[in-house]
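# Observations on chain architecture
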Amino acid sequence: MKYVFLPLMLFASTWCAAQQSIGGKVTDDQGVPIPYVNVVWVGSEKGTVTDENGEYYIELDSATGNLEFSALGFRKQQVPILDSSRINVMMQEDAQTLDEVVLTALGLKRETKELGYVVQSLDTEGVTEVKSVNFLDNLAGKLAGVSISQGATGVGSSSKITIRGEASFSNNNPLFVVDGIPINNNSVFNFSNEAAAGFQEIDFGNGAMEVNPDDIANVSVLKGPNAAALYGTRASNGVIVIETKNGGEFQGLGISYNTSFFWDSAFRLPDFQNEYGQGNSGEFAFVDGLGGGTNDNITYSWGPRLDVGNLVPQFDSPVTLPDGSVVRGGDTALYSGLQIQPTPFTSNPDNLKDFYDSGTTFINNLAISSGFEKGNFRLSFTDLRSESIIPGVNLDRQTVSARLGFRPTEKLHINSSISYINSQSDNRPSNGYGSENVNYSLVAWGPRSLNIKNLRNYWQPGLEGTQQYSFNYTFFDNPYFILFENRNSFNRDRVFGNISATYDITDKLTATIRSGMDYSDETRQLRRAFSSNRFRNGGYAEHDVFFREINTDFLLNYSDIFDNLTVDVSIGGNRMDQKAFTGQSQTTSLAQPGIFRLSNAASPIEVFEFESNKRINSFYGIAKLGYKNFVFLDVTGRNDWSSALATPFSVDNTSFFYPSVSGSFVLSEVTDLPEVISFAKLRASWAQVGNDTNPYQTTGAFVAQTPFNGQPTFSNQNTIANPNLKPERTSSFEVGADIRFFRDRLNFDISYYNALTEDQIISLPIGISSGFTQQVVNGGKVRSKGLEIIAGIVPINTTDFRWNSTLNFSTNRATVEDLPQKEGRLTLAYSRIYDSQNQTVFLQVEEGGRIGDLYGTGYLKNENGDFVLTDEGRYIPDNNLQKLGNYNPDFMLGFNNQFNYKHWDLGFLFDWRQGGILVSRTRALGNVGGQLAETAFRPEEGIIAEGVLNTGTEDNPVYVPNTVAVTPESYYRQFYDRNHEENNTYGASFLKLRQFSVGYTFDELNLFNQDASLRLSVIGRNLFAFTENPHFDPEQLAVQGQGFIGGVEDMSYATTRSIGFKAGVNF
Amino acid sequence: MKRLLPLSGEGGIQRSDDDERGRTQASDQTLNHLLVRLLWAFPLPKSFVQFGRWLGLDPFRIAILQSRMQSTFPCQGKEQKSSNLIENLQHEKSSPNPSRGGGLYPNQNLIHTKNPNQNKRILPLLRRGPGRGLLAMASIFLVLSCTEDFKEINTNPNAPVSVQPSLLLRQVIYDYGEQMSYEGFTAGNLLGQYTTALDFNLFDRHNLKSPQLGGNPWPILYRNLRDNENILNQSLENETFAVYEGPVRILKAYMAATLTDLFGDVPYSDAFKGKELTVTPTYDSQEDIYLGEGGILDNLDKGISAIANYSGTIPLEGDILFEGNLENWVRFANSLKIKYLLRISDKVDVSADLQAIITEDAPYIFTNDFNAAFNFTDGEPNNFRLARLRIGDFNNFVLSETMFVILTDLNDPRISTLFRPFSNSNSGEFNGLLNGIDASQTSIALADFSLAGTIFRENTGRLDANFMTSWETLFLLAEAAQRGLISEDAEQLYNRAVAQAFRYWQVELPIEYITEDAAFENGNPLENIITQKWIANIINGYEGWVEYRRTGFPELKTISASLNNDLIPVRMPYPAEEEALNSVNYADAAAKTDGNSINVKVWWQAP
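So, here is what we can say about the structure in this document. Everything quoted here is computed from the prediction, not taken from an experiment.

Summing up its helical and strand segments, chain B has 26 helices and six strands in all. Residue pairs at least 24 apart in sequence account for 74% of intrachain contacts in chain B once pairs closer than 6 positions are excluded. Taken as a whole, chain B presents about 22200 Å² of accessible surface, with 50% of it coming from carbon and sulfur.

For the rest of this paragraph, the subject is the overall build of chain A. The number of helices and strands found in chain A is nine helices and 59 strands. Its C-alpha atoms give chain A a radius of gyration of 31 Å, near enough to 31 Å, the size a compact globule of 1067 residues would have. By principal-axis analysis of the C-alpha atoms, chain A measures approximately 95 × 70 × 65 Å. For chain A, the proportion of its 1067 residues judged to be buried stands at 64%. When the accessible area of chain A is evaluated, it comes to approximately 36900 Å², of which 53% is carbon and sulfur surface. Taking the 82 positively charged and 119 negatively charged side chains of chain A as two groups, their mean positions are separated by 3 Å.

When two helices pack together, their arrangement is given by the angle between the helix axes and by the axis-to-axis distance. Residues and elements named next belong to chain B. Contact pair helix 12 (residues 245-263) / helix 14 (residues 296-309): the axes reach a minimum separation of 7 Å and the direction vectors enclose 165°. Classed by the angle they form, the pair helix 12 and helix 14 counts as roughly antiparallel. You can see that helix 12 and helix 14 cross each other, and the crossing is left-handed. On helix 14, the residues touching Glu 245, Gly 246, Pro 247, Arg 249, Ile 250, Lys 252, Ala 253, Ala 256, Ala 257 and Thr 260 of helix 12 are Ile 296, Asn 299, Leu 300, Lys 302, Gly 303, Ala 306 and Ile 307. Split by residue class, the contact of helix 12 with helix 14 holds nine nonpolar, four polar and four charged.

Before going further, it helps to spend a moment on the sheet that holds strand 58 (residues 1048-1049) of chain A. Residue and element names in this part refer to chain A. A sheet is described by the order of its strands in space; here three strands give the open sequence 53-48-58, paired in mixed fashion. This sheet does not close on itself; its edge strands, each paired only once, are strand 53 (985-987) and strand 58. Here strand 48 (residues 917-920) pairs with strand 58 via two bridges, running parallel. Bridged to Ser 920 within strand 58 is Glu 1049. Sheet strands in contact with helix 8 (residues 921-928) are strand 48, strand 53 and strand 58, and its direction is about 35° off that of strand 48.

In a soluble, globular protein the nonpolar side chains are often hidden away together inside. Ranked by size, the top nonpolar core spans 151 residues in total, and within it Trp 329, Phe 332, Phe 374, Met 403, Phe 456, Phe 467 and Trp 505 of chain B carry the most contacts. At 13 residues, the largest contribution of residues to this core is made by helix 10 (residues 165-191) of chain B. Other than its neighbours up to four places away in sequence, Phe 374 of chain B contacts Phe 708 of chain A together with Ile 173, Tyr 174, Gly 177, Glu 178, Ile 320, Leu 321, Leu 463, Asp 464, Ala 465 and Phe 467 of chain B. Of all hydrophobic cores here, the second largest spans 78 residues; its members include Phe 284, Phe 286, Val 327 and Ile 452 of chain A.

Residue and element names in this part refer to chain A. Turning to its location among the elements, Leu 893 is positioned in strand 46 (residues 891-901). Residues Leu 893 and Thr 811, spaced 82 residues apart in sequence, show a C-alpha to C-alpha distance of 8.9 Å. Those residues in contact with Leu 893, other than ones at most four positions away along the chain, are Leu 807, Asn 808, Phe 809, Phe 910, Asp 911 and Trp 912.

This next bit is on unusual backbone geometry. Cis rather than trans, the peptide bond between Glu 380 of chain B and Pro 381 of chain B has omega equal to 5°. Following the sequence through the fold, Pro 381 of chain B ends up in the loop between strand 4 (372-375) and helix 17 (391-395). Here the residue pair Phe 553 of chain B and Pro 554 of chain B is connected by a cis peptide bond, since its omega of -15° sits within 30 degrees of zero. As for its placement among the helices and strands, Pro 554 of chain B is situated in the loop between helix 24 (543-551) and helix 25 (576-581). Non-glycine residue Asp 759 of chain A carries a positive phi angle of around 50°. By secondary structure assignment, the location of Asp 759 of chain A is in strand 38 (residues 746-765).

Residue and element names in this part refer to chain A. Strand order across the open sheet formed by three strands is 4-1-7, with mixed pairing between neighbours. For this open sheet the edge positions go to strand 4 (55-60) and strand 7 (89-91), each flanked by a neighbour on one side alone. For this sheet, the mean inter-axis angle between neighbouring strands, taken without regard to orientation, is 30°. Where strand 1 (residues 20-28) meets strand 4, six bridges bridge the pair, whose relative direction is antiparallel. Bridge pairing links Gly 24 to Tyr 56 in strand 4.

Another aspect to go through is a nonpolar patch on the surface. Residue and element names in this part refer to chain A. There is a patch of nonpolar side chains on the surface, built from Tyr 558, Phe 562, Leu 565, Val 569, Leu 625, Tyr 627, Leu 633, Val 635, Val 661, Trp 686 and Phe 733 and spanning about 870 Å² of accessible area. Secondary-structure assignment places Phe 733 in strand 37 (residues 728-741). A relative accessible area of 39% means that Phe 733 is categorised as partly exposed.

Moving on, we get to the side chain of Ser 1058 of chain A. Residues and elements named next belong to chain A. Assignment of secondary structure puts Ser 1058 in strand 59 (residues 1056-1066). In terms of polar contacts, Ser 1058 uses its side chain to reach the side chain of Asp 264, at 2.7 Å. Aside from chain neighbours lying at most four places away, what touches Ser 1058 is Phe 262, Trp 263, Asp 264, Ile 1019, Gly 1020, Arg 1021 and Leu 1023.

Here we take up the environment of Pro 447 of chain A. Residues and elements named next belong to chain A. Counting through the fold element by element, Pro 447 comes out in the loop between helix 5 (438-444) and helix 6 (479-484). Look at Pro 447 and you get buried, because its relative accessible area is 1%. The sequence separation of Pro 447 and Gly 31 amounts to 416 residues, and the corresponding C-alpha distance is 67 Å. Residues in contact with Pro 447, not counting those within four places in the same chain, are Gln 278, Thr 299, Tyr 300, Ser 301, Asn 351, Phe 471 and Gln 931.

Our focus in this paragraph is helix 12 of chain B. The terminal C-alpha atoms of helix 12 of chain B, which comprises 19 residues, lie 27 Å apart, in line with the 27 Å expected from a rise of 1.5 Å per residue. Burial analysis of helix 12 of chain B places 19 of its 19 residues in the buried class, which makes it a mostly covered element.

What follows concerns helix 11 (residues 217-237) of chain B. Counted at 1.5 Å a residue, the expected span for helix 11 of chain B with its 21 residues is 30 Å, and the 30 Å between its end C-alpha atoms agrees. With respect to burial, helix 11 of chain B is a largely interior element, 17 of its 21 residues being buried.

All names here are of chain B. Following both chains from N to C, one finds helix 10 and helix 11 inclined at 160°, their axes separated by 9 Å at the closest point. Classified by the interaxial angle, the pair formed by helix 10 and helix 11 is roughly antiparallel. The handedness of the crossing between helix 10 and helix 11 comes out as left-handed. Where helix 10 approaches helix 11, its residues Pro 165, Leu 168, Leu 169, Gln 171, Val 172, Asp 175, Tyr 176, Gln 179, Met 180 and Glu 183 are matched on the opposing element by Pro 217, Ile 220, Leu 221, Asn 224, Asp 227, Asn 228, Asn 230, Ile 231 and Gln 234. Taken together, the residues of the contact of helix 10 with helix 11 break down into 10 nonpolar, six polar and three charged.

Let us look at the packing of aromatic side chains. Where two aromatic rings form a pair, the distance of their centres and the angle of their planes describe that pair. Evaluated as defined, the whole model comprises 96 aromatic pairs over all chains. An angle of 10° between the planes, with centres 6.4 Å apart, marks the rings of Tyr 458 of chain A and Phe 484 of chain A as stacked. Of the two residues, Tyr 458 of chain A sits in the loop between helix 5 and helix 6 while Phe 484 of chain A sits in helix 6, which places them 26 residues apart along the sequence. We classify Phe 484 of chain A as partly exposed; its relative accessible area is 36%. Pairing Trp 329 of chain B with Phe 332 of chain B gives two aromatic rings, centres 5.8 Å apart and planes at 50°, and the pair type is tilted. Of this pair, Trp 329 of chain B and Phe 332 of chain B both sit in helix 15 (residues 326-343), three residues apart, roughly one helical turn. Among the residues examined, Trp 329 of chain B registers a relative accessible area of 0% and is labelled buried. Geometry around Trp 604 of chain B places Arg 343 of chain B over its ring, the cationic atom sitting 5.9 Å from the centre. Note that Arg 571 of chain B overlies the ring of Tyr 574 of chain B, its terminal NZ or CZ placed 4.5 Å from the centroid.

All names here are of chain A. Here Asp 853 lies in strand 43 (residues 853-859). In this structure Asp 853 comes out as buried when scored by relative accessible area, which is 3%. There is a polar contact of 2.8 Å between the side chain of Asp 853 and the side chain of Asn 886. Those residues in contact with Asp 853, other than ones at most four positions away along the chain, are Phe 842, Leu 843, Gln 844, Lys 883, Gly 885 and Asn 886.

A separate point is the pairing of strand 22 (residues 359-372) of chain A. Residue and element names in this part refer to chain A. Sheet analysis places strand 17 (residues 252-266) next to strand 22, joined by 13 bridges and oriented antiparallel. Pairing of Asn 258 across the sheet is with Asn 365, part of strand 22. Sheet topology note: the strand 22/strand 23 (residues 375-387) ladder contains 13 bridges and is antiparallel. When the sheet's bridge partners are listed, Thr 361 is paired in strand 23 with Ser 386. Counted along the chain from strand 22 to the antiparallel partner strand 23, the turn is two residues long.

A few words now on the environment of Gly 848 of chain A. Residues and elements named next belong to chain A. Mapped onto the elements, Gly 848 comes out in the loop between strand 42 (840-845) and strand 43. Look at Gly 848 and you get exposed, because its relative accessible area is 56%. C-alpha of Gly 848 to C-alpha of Val 782: the two residues are 66 residues apart in sequence and 9.5 Å apart in space. Dropping the residues within four chain positions of it, Gly 848 is found in contact with Thr 815 and Val 816.

Procedures and definitions
- Residues numbered from 1 in each chain as written.
- Chains lettered and ligands numbered in written order.
- Predicted model: local features only at pLDDT ≥ 70, side-chain atom pairs only at ≥ 80, totals over all residues.
- Heavy atoms only, no water.
- Helix = DSSP H or I, 4+ residues; strand = E, 2+ residues; numbered from the N terminus.
- Contact = heavy atoms within 4.5 Å.
- Areas by Shrake-Rupley, 256 points an atom, 1.4 Å probe, with all protein chains shown as cover.
- Rg over C-alpha atoms; globule rule 2.2 N^0.38 Å.
- Buried < 20%, exposed > 50% of the residue type's maximum accessible area, 1.4 Å probe, protein only.
- Lys, Arg positive; Asp, Glu negative; His and termini not counted.
- Charge placed at Lys NZ, Arg CZ, Asp CG, Glu CD.
- Axes fitted to C-alpha atoms, helices over the stretch in contact; angles between N-to-C directions.
- Parallel < 35°, antiparallel > 145°, perpendicular 65-115°, else oblique.
- Left-handed = near helix turned anticlockwise from the far one by under 90°.
- Nonpolar A, V, L, I, M, F, W, Y, C, P; charged D, E, K, R; others polar.
- Pairing = 2+ DSSP bridges.
- Core = buried A, V, L, I, M, F, W, Y, C linked by side-chain atoms within 4.5 Å.
- Patch = residues over 30% accessible without salt bridge, like charges linked within 9 Å, V, L, I, M, F, W, Y side chains within 5 Å.
- Salt bridge = Lys/Arg side-chain N within 4 Å of Asp/Glu carboxyl O.
- Polar contact = N/O pair within 3.5 Å; in protein donor to acceptor, adjacent residues only side chain to side chain.
- Expected span 1.5 Å × (residues − 1).
- Phe/Tyr/Trp six-rings, centres within 6.5 Å; stacked < 30°, edge-to-face > 60°.
- Lys NZ or Arg CZ within 6 Å of the ring centre and 35° of its normal.

Structure below.
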């Protein structure tokens, strides 16, 4: 005992502790097992939960005292622990009791009625029934106020999560905590540039995608600063608290195995026109794909009609060489000046559909768990193998996790959990607008006469490895060549986990120390073959990404009961050390084709590196008071010291303090409410959270640039640093009510919050005429208000049949009340085509505006909103930025249903997002190129643009309707022109069938002489959607400038519809 | 429980202890060994080191990590940190220490505590018995609130806070030359009607706010003016760097002139002072920028005298134009002076100043050997940027009708260097296309028009980034002489200039070119001078177009589908970001240019 703070001692003592383990089954009065009953050893924090079969298992320090059993809808029961290892309990139904336990900050389990803020949870089934490859996608639609947007590059893409909308100008990422220790949810992109040369940006996934659903016991969402004050600065955007499964659920060896298999298909593909083929002004003939023929340097579909018997020389038409052998028209390196034999000019309505493969995803999980005399363990292995619908794109992930609990002595509890994850992919496809994204040559610039199948053989004969074969050689690469030769692979090792020790100094005072780490090391290889358009002699880049965060904390807890008053006080401290490194070495030309090594470089190797280090020290305290079990009050305070606010000369601004207070009042405990109300609780809370910034914002630096003749060059960084940075602050007020009717058959949880984020730390864009493009400042105020309603309904509840449904409704408005600069709008981000200022969607905010407002340009309109046209019937560009709309939804509604009939179950989840807009690059480019269905209407007499002509003067305008026709090509190319985004937006509203499952459970099986259960189900994800746009999934994320941009569809790949099977067996 | 106590006496989870004792206490240690592995993350700092090693981190990282850990566990360890680090690293290098068991951790000695005081500091605290547990807690708290290390942690390890002026000078010259040559090809050549763009050509159709490639010189100029100002400040503040003053003043004059010639009134005296927190600079009039103190002509004079007065021995480094030859900088300055005096000659009587340069025999660039230029290379990364872009980007630019007519009328052989025969031609002919087509109305066969020459893509090692040349200087002097601003022989200057321009483009000058086709007196001599200069100035930024605006030569054509009412623009528009981010000052400047119109002349243009 005297070495209590010496960690090794904790372990040494594992040898000699005496313990009692108790298990049993909890049933209702019909003998039906009750899952998820909370089992708590009275007077301790020790507890467990029953499994699906009503079984529980708990380890106690001694065989004394009582076990308390509680579950929603049942009367709480205490059972004395006698000298028995098995206690079976029958619980009585009771609508009056409501003591379910949720996980809150610091992993503290608390009864919901005590909480002055809302915490919403998902259990194992909630995240594992229909698993998705990216963990975040498992949460979509299931939690009020939580918004998930999936990435656009197939399996392995990042998903973006926000909780209660976006209120910060710079960082809206929630914190992820696994078993009490933060893990990163970073997305680190390769180094790239905006120009049409070099490597494009690639999405290698987000950190939290690797959380393994099969290892999760519970996910709790702490939605705002009120719930999360104690996690510190990073919690201001909410916290996803994940608790992994432990081994305590089974006595003896428990084995569970489950397998899921999905078939993936393209969820939605662009709606193409199939009447006109490649060319311009109705003419086309292929010669060399470089402009040597008729319009063969461009790939617009403004060419001749398809399917009318035209014979046209094409890239896949035959050419007979002098030796009699036949090659393809596109094999331009093999012949010169020979005639290409024309072939029929036909439509290919399914060419893109045929391009996409049928994807598969296998997820297998095997877990063994056991309790033994002084502890328990769980070991789990998960294997995920996914082949994307995008040819050659895949993701493999293996997860090994272990959780260990020791009770070496009566008073010492040691817990450890660790996960090792290896993820790898042979190819992550490039993002955004440009020739490395296959959608560039398949959708925007893929002519409708193109038979994609004929591109599969992508080398010119005899020139394998050096010269690709394609339908065009100006701007485009053969899409198969891109996907199979120009691969962006990665291999990532990651370990996260922690170990903690809790010691009961007295029965009222406990001390806990805990330390954990999130460590990952990733190697990426970007290969570019010879004859790539951006890399004529190939290219290669190696990108290393390293991340390590160590958190160490201690916590002292004192709890006591005085008559009617319960007191629980904790003080704790935390140190976080974070180190991140990203380094890319590249060559933009290779000596020998096919060898992807830096030693094969034919040009000087360029190196980009960035290392960052950060430490935050914290000290905090919590006091929880409860009076007569109906009034509860929490007070918290935390002080952080962040290294990111230090300068090399001063640490003056590094310390900041933030408090919170919350309370709850259980109305139904003190007054007689009408019979129909079974429970009513009111709650309120106020909290503040400070927020620091990224390292190195306080001092300027010089940055290495392209060397000249091997000699170094340096340029000043473009950002003006700020040595006087203060922390940001968010103050939040939240009120809510939890009201339940009809013995809890109907319940509502309503929250309203109002938060103000001030003194935001942002890189304020400034005019380059100052010599700089950004200035780091504190400033701005954003007010974020919202309403969340969680409704639970149990319309039917009989012995055999139960229908359970949950509605999650949320709405959020983040309004800008003040900006850091004097006037004008603040640019938070943008999505740009190459480096063209005019082809840019800006995310800007102005006072009174909302975060998520998108700005772009359009064509001149009069005060009636009619387009004002020129005398030739053409639109007039209006280069002033105008608000296009906001990408955030007006509201989100998730509707989850679960039906159980005897051994059958059926579940489905609808996800409705209403409002918001989306700027579409596919719409802009695909229509300018004449590829999409919108451009199928091409009358010979031309098209008269809708609009007016001004026949008066500028001051006294007289508007008359336009009567001048222009050619269809000219009309569409102008209307959808990419320099003007206004005509290229869609509403982003959608209603999706997000998830579906039908299952059957075989109980009480006897397999290998063991009791076992087996469950089989048919599952599906993203089955259908109603939405305005006919071309793509309205859930979109674009990538630009090392970040994600909402509200922009930037040449996205098709998302997937998944249908599959799942089987799970438990021994 | 007590059995393992001796271990703790050694300072907690020490892998080395574990291994050493493992030989004698094997049975007890087996599980312990396992535990240590599991204990990778336990809050004693050294276990992190162990864990890192377990994961195969390289020893260097670990040494640093370890030294950080040691130094930061108790705050007062600070003063020992550097020595720890060095000691660890030295140890790492010199002693693999094979006697310590090797195995999983070949450099075990690293983990072993190197600093005996370290143990003394921690262990007594832990040994004092149960009553001191809280004290230990409190001491952890004290550690937590310790911020002294923050200064070091938040010092950027990636980039220096200050650099030698030579590194900046090389950057300014290279970046300006590289970027403005690219601008020249992709945008300047369109405005100057050397080439035309087939598609994605709103800029070529004179919607100058919608460039596709290039066409946005504003940030290039300001960024380089900023870095240049940095050198200037260093040279004025630090005697050691005094040699840089002259060259950077000359560069400042040069870049400021490029800027104001394109845009007119621009932020200048207030500009690139963001570090002093002037982030919304006011605009200066072009007249002030040319003539005012600290302006173009002033900086040229000051630059020349700074070089003349420089008596130090420290050489100029980073000078990729002249390899540190200061005399060549003076030539460069005088050539620029001639250029800028002539540029404002419609507004200001510059003849005395020009004549003075001649009379005083001031050195200027009179042969290609003294050109202010640097070579592109054939290979990356210093090749011309068009060599790196996709072929489609390059093929989008073809010979302009304007250039085609001028070169063919003159029988100018340079056409074969600057352009290629069109691919449908059977006999090596060239063909040009009128600028500014509407690609949606007209179907253009690329094969019927000439692409730019191989010097701009395949053989960019032959190409220069051009700041100032002998031929440009001589053409300027020829013009001055022709206009009677100086008393020199205009024809002789012209002939020398033409000869050097041919040499610059590596084309042999046919004798009849000077005697017949492009003879000085064949037509309007002034037009001949400017036209010859215009030809040679291809890809030299926007120079051809700027001089057209001043002189009206060569006569540019009305483009086919103008988006500017068939007017040839006479200035570049301020960029949109200036409107958004420097709005008050922009509004002022916009008011003076009819709402940022591209048809409002700048000050030096004849009314």
